[in-house]
Amino acid sequence: MEDNYKPNSFKKELAQFFSKTSAHGICQVASSTTKTRALFWVLLTLTAFIVSINNIVGFVNEYLTYPVKTEVDMMHEGSLLFPSVTVCNLNQFQRSRFQNDSTMKMLSEMLFNNSDLSFKSNLATTMRLQKAAAKRNISMESLSHQKDDFIVWCEVRRITKTTCSARNFTTYLGKMDVCFTFNGDNTTLKVRDAGYLSGFSLILNIEADEHLPNPMGGSGVIVAVHQPSESAEVEKTGLTLAPGTLNTITLRGVSSLNASSHLNTPV
């Protein structure tokens with residue numbers, strides 16, 4: 001049986017391929033019925049091809065330069081900015097300061113004689129004390145442990161030891177506490193090294209015999225270390241320390257810098 005199959009010419013095969021290819025631009029050129037339409041699709045296809053090649057070449061060249069996006073410089077500070085230190089007596093009120101007002105005395109005795117009350121009950125009575133004081137124009141600071149009695153001794157260790165006192169502290173009124181801050185507004189005080197040998201020492205007298213039961217249910221001090229330009233936020237960041245003990249708090253200074261963003265060719 002004679003085979004009548006005759007292969008198409010190369011031109012016909014190429015035209016058939018162009019008309020069925022998934023390359024949209026070439027397919028449109030092959031199926032165009034007018035020269036104007038064909039020319040339009042030829043120009044559009046060539047433009048897209050040139051743009052694609054240009055982008056590919058650009059990406060390859062950028063990759064071959066091994067770009068660096070972040071540059072980090074290590075800097076060793078010769079001195080450290082001294083932080084602020086805020087201390088609070090865990091027991092806000094001083095019992096003897098309630099003796100001159102019958103209502104205030106009654107509320108304070110309610111706390112003192114019911115030391116086994118729950119946190120909620122103690123908190124409610126404490127808030128009643130605060131409201132009663134506000135009605136009588138009595139400041140909470142005057143009912144609290146006084147700065148001169150609370151802060152017995154302090155020392156700052158920098159190049160040489162420097163003794164400080166209660167006069168170097170400012171009063172900070174928290175939500176539930178009257179606290180005292182050292183170095184509260186000084187941004188120039190610095191030390192050479194970190195650690196307790198180059199830091200700040202403090203002796204406090206919590207006056208346990210003058211305590212009233214408080215919502216926290218205990219005795220001690222709260223210490224917050226923070227930036228001089230920031231609020232103490234004792235309720236959120238404070239550390240509670242027990243009385244009659246030696247406590248050390250060591251911090252490490254960390255500085256954050258915005259890293260530069262650019263491209264570098266490796267050496």
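Here is what the cut-offs are and how they apply
Residues numbered from 1 in each chain as written. Predicted model: local features only at pLDDT ≥ 70, side-chain atom pairs only at ≥ 80, totals over all residues. Heavy atoms only, no water. UniProt positions renumbered as here; feature names shortened; annotations may be inferred. Helix = DSSP H or I, 4+ residues; strand = E, 2+ residues; numbered from the N terminus. Buried < 20%, exposed > 50% of the residue type's maximum accessible area, 1.4 Å probe, protein only. Phe/Tyr/Trp six-rings, centres within 6.5 Å; stacked < 30°, edge-to-face > 60°.

**Side note on the UniProt feature "transmembrane region" (unreviewed entry) in the chain**
- As annotated in UniProt, the feature "transmembrane region" (unreviewed entry) corresponds to residues 38-60 in the numbering used here.
- Counted over residues 38-60, helix gives 100% and strand 0%. Its end C-alpha atoms are 33 Å apart.

**Looking at unusual backbone geometry**
- Of note in the backbone geometry, Glu 207 takes a positive phi value of approximately 50° without being a glycine.
- Mapped onto the elements, Glu 207 comes out in the loop between strand 8 (200-204) and strand 9 (221-226).
- Look at Glu 207 and you get buried, because its relative accessible area is 11%.
- The phi dihedral of Glu 233 is positive, around 50°, even though this residue is not glycine.

**Overview of the packing of aromatic side chains**
- Considering all chains together, one arrives at six aromatic pairs under this definition.
- Ring plane angle 45° and centroid distance 6.3 Å describe the contact between Phe 169 and Phe 200, whose orientation is recorded as tilted. You can see Phe 169 sitting in strand 5 (residues 169-173) and its partner Phe 200 sitting in strand 8, a full 31 residues away along the chain.
- On the basis of relative accessible area, Phe 169 is assigned to the buried category, the value being 2%.
- Put simply, the rings of Phe 82, Phe 169, Phe 182 and Phe 200 touch in pairs and so form one group of aromatic residues.

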